[in-house]
Amino acid sequence: MTILQSIFLGLLQGFTEFLPVSSSGHLLLAEKLFDIKAGLFYDVMLHLGTLLAVVIALRKNLWQTLRHPKSNPKLKYLVVASIPTFALALLVKLFVPEIWLQNLLPLGFALTIVLIILSQFLSKPRLRLDESGWLPIVITGVTQGIAVFPGLSRSGSTISVMKLFGLNASDSAEFSFLLSIPVILASAVVEIYEAATTALVIPAWYCIVIGVFTAFVSGLVSIYMVMRAVKTKSWIAFAIYLVIPLVISLIIL
């Protein structure tokens, strides 16, 4: 891996992690199209860069949630939603071969398009997060677990599902970003352990540092772009854009 490739993948990860277009799907396409040998460990490190972006961008909200766990139900919601996410992600990791995941990439892009369109035309977002009840929270956690499949956008699917349950777009986006924190942390721990115990492909340390920093900066930009986009109440442009990687994935896979 070269420095330019590292910068390119970092930018791609940062911008697509929070936009509803699937970062894992874009990374997989980029690595295949340009024959970049990054490896799973490098991809996880890029996710840590975007994790830092979430913590910085939502630091006030995150601090309030941790500081007042009893009066603020958000921490309980995060814990409950994370349980089905972890369970489904573990089942996929244990029983679904990597090659199967790659072959399902076009389906993931297609499902993201469908969810965005449905949430655009069928949702009536009017509720705040603390008015939602437990069912939307659990279903959102299940959705995030299913989104381990490449091409199915984690942010796009979770935000769309919450909007379909009537949550307002701003609360949906904010909760989706916070919900990414535990799953990214857990993934990083697992992959770092595997890297230490198996012969995973690990690029040069400076490529990792550059990629993580680039993902962090572009991730910050992406978060503010999404928070602004949800206020415009139209995500159709993202659904239209996703036709491009959908077609490319059908051609190259």
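Rules and cut-offs
- Residues numbered from 1 in each chain as written.
- Predicted model: local features only at pLDDT ≥ 70, side-chain atom pairs only at ≥ 80, totals over all residues.
- Heavy atoms only, no water.
- Phe/Tyr/Trp six-rings, centres within 6.5 Å; stacked < 30°, edge-to-face > 60°.
- Helix = DSSP H or I, 4+ residues; strand = E, 2+ residues; numbered from the N terminus.
- Buried < 20%, exposed > 50% of the residue type's maximum accessible area, 1.4 Å probe, protein only.
- Lys NZ or Arg CZ within 6 Å of the ring centre and 35° of its normal.
- Axes fitted to C-alpha atoms, helices over the stretch in contact; angles between N-to-C directions.
- Parallel < 35°, antiparallel > 145°, perpendicular 65-115°, else oblique.
- Left-handed = near helix turned anticlockwise from the far one by under 90°.
- Nonpolar A, V, L, I, M, F, W, Y, C, P; charged D, E, K, R; others polar.
- 1 Å grid on protein atoms, 1.4 Å probe; cavity = no way out; pocket = protein on both sides within 12 Å on 5 of 7 lines; lining within 4 Å.
- Points joined across faces, edges and corners; volume = space filled by probe spheres on them.

(A) Highlighting the packing of aromatic side chains. Counted according to the given criterion, the structure contains five aromatic pairs. Summarising the aromatic geometry, the rings of Phe18 and Phe177 are spaced 5.2 Å apart at their centres and angled 80° between planes, so their arrangement reads as edge-to-face. Of the two residues, Phe18 is situated in helix H1 (residues 3–18) and Phe177 in helix H10 (residues 169–197); the sequence distance between them amounts to 159 residues. When sorted by exposure, Phe18 lands in the same class as Phe177, which is buried. Ring plane angle 85° and centroid distance 6.0 Å describe the contact between Trp205 and Tyr206, whose orientation is recorded as edge-to-face. Here Trp205 falls in the exposed class, since its relative accessible area comes to 64%. Sitting above the plane of the Trp235 ring, Lys163 keeps its charged end 5.5 Å from the centroid.

(B) Structural context of the packing of H1 against helix H11 (residues 205–232). Here H1 crosses H11 at 30°, and the two axes come no closer than 7 Å. The angle between H1 and H11 places the two elements in the roughly parallel class. Between H1 and H11 lies a crossing whose hand is right-handed. The residue makeup of the contact of H1 with H11, split by class, is 13 nonpolar, nine polar and no charged.

(C) Examining the layout of surface pockets more closely. By volume, the largest pocket is sized at about 1,400 Å³. Along the walls of the largest pocket sit 43 residues, with Leu40, Val44, Val148, Ser187 and Glu191 positioned nearest its centre. Elements with a contribution of two residues or more to the lining of the largest pocket: H1, helix H2 (23–33), helix H3 (40–57), helix H5 (74–95), helix H6 (98–103), helix H9 (154–164) and H10. Each residue belonging to the lining of the largest pocket can be placed in one class, and the counts come to 21 nonpolar, 11 polar and 11 charged.

No statement about biological role is implied by the geometric values presented.
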